[in-house]
Amino acid sequence: MARLLFGLGVAVVIFTVYAVVDCALLDRLRIRGLKRGWWIVVILFVPVIGGLLWFFVGRGGSLNRPAGRNRTVAPDDDTEFLRRLGDDAVQADRIRRLEEELAELDGETDASAGGPGAGRKAEPGKRPDNPDAPGETGPSPRPNA
């Protein structure tokens, strides 16, 4: 019987300390009912009931919930989703234009360099002939590093 009471006493102390630390470290915007100092007083002077009151009454909900939007919205009704779709299309178009400009610039540098591949446009996805380019095979079958 003494072991059981000792174990319960230890559990009450641990629960009380946990409740006080949780109250002390929680964002003040999430604390409901009383001010932080008064909650700590209640938790300390009424150990079990004060801790339970803190967790069920004083500790507010998460701040991550969007205000006023408690229901699910279909994608075609969600203006934020539709705006992001437009941004994605604009971004894809911009990337396509930049890739075209880069391909044109690569073609100009190939033609101006002279040499075996001069005037020939580089094939898409392939680099111009350069034996020192990493990953391409040189005279030996081993790729250059």
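Scroll up for the structure.
Residues numbered from 1 in each chain as written. Predicted model: local features only at pLDDT ≥ 70, side-chain atom pairs only at ≥ 80, totals over all residues. Heavy atoms only, no water.

(A) Focus on the packing of aromatic side chains. Summed over the entire model, instances satisfying the criterion amount to 3 aromatic pairs. Arranged with centres 5.8 Å apart and planes meeting at 45°, the rings of Phe15 and Phe55 form a pair that is tilted. Of the two residues, Phe15 sits in helix H1 (residues 2–25) while Phe55 sits in helix H3 (residues 47–58), which places them 40 residues apart along the sequence. For the ring pair Tyr18 and Phe55, a centre distance of 5.8 Å and an interplane angle of 15° mean the geometry is stacked. Of this pair, Tyr18 sits in helix H1 while Phe55 sits in helix H3; the two residues are 37 residues apart in sequence, bridging distant segments of the chain. Judged by its relative accessible area of 25%, Phe55 is partly exposed. Among the aromatic side chains, those forming a connected cluster through ring pairs are Phe15, Tyr18 and Phe55. (Phe/Tyr/Trp six-rings, centres within 6.5 Å; stacked < 30°, edge-to-face > 60°. Helix = DSSP H or I, 4+ residues; strand = E, 2+ residues; numbered from the N terminus. Buried < 20%, exposed > 50% of the residue type's maximum accessible area, 1.4 Å probe, protein only.)

(B) Fine view of the pattern of salt bridges. Scanning the entire structure with this criterion turns up 4 salt bridges. A salt bridge links Asp93 to Arg96; the nearest nitrogen and oxygen atoms lie 2.5 Å apart. Residue Asp93 and its partner Arg96 are located together in helix H4 (residues 79–113), separated by 3 residues, close to a single helical turn. According to the relative accessible area criterion, Arg96 is partly exposed, its value standing at 40%. The shortest N-O distance in the salt bridge between Arg96 and Glu100 comes to 3.0 Å. Linking Arg96 with Glu100, this pair stays in helix H4, spanning 4 residues, or about one helical turn. Owing to a relative accessible area of 42%, Glu100 belongs among the partly exposed residues under this scheme. The network of salt bridges with shared partners includes Asp93, Arg96, Arg97 and Glu100. (Salt bridge = Lys/Arg side-chain N within 4 Å of Asp/Glu carboxyl O.)

(C) The packing of H1 against helix H2 (residues 36–45), seen in detail. Relative to each other, H1 and H2 sit at 180°, their axes nearing to 10 Å. By the angle class used here, H1 and H2 are roughly antiparallel. In this structure, H1 contributes Thr16, Ala19, Val20, Cys23, Ala24 and Leu25 to the contact, and H2 contributes Arg36, Trp39, Ile40, Ile43 and Leu44. A breakdown of the residues in the contact of H1 with H2 according to their chemical character gives 9 nonpolar, 1 polar and 1 charged. (Axes fitted to C-alpha atoms, helices over the stretch in contact; angles between N-to-C directions. Parallel < 35°, antiparallel > 145°, perpendicular 65-115°, else oblique. Contact = heavy atoms within 4.5 Å. Nonpolar A, V, L, I, M, F, W, Y, C, P; charged D, E, K, R; others polar.)

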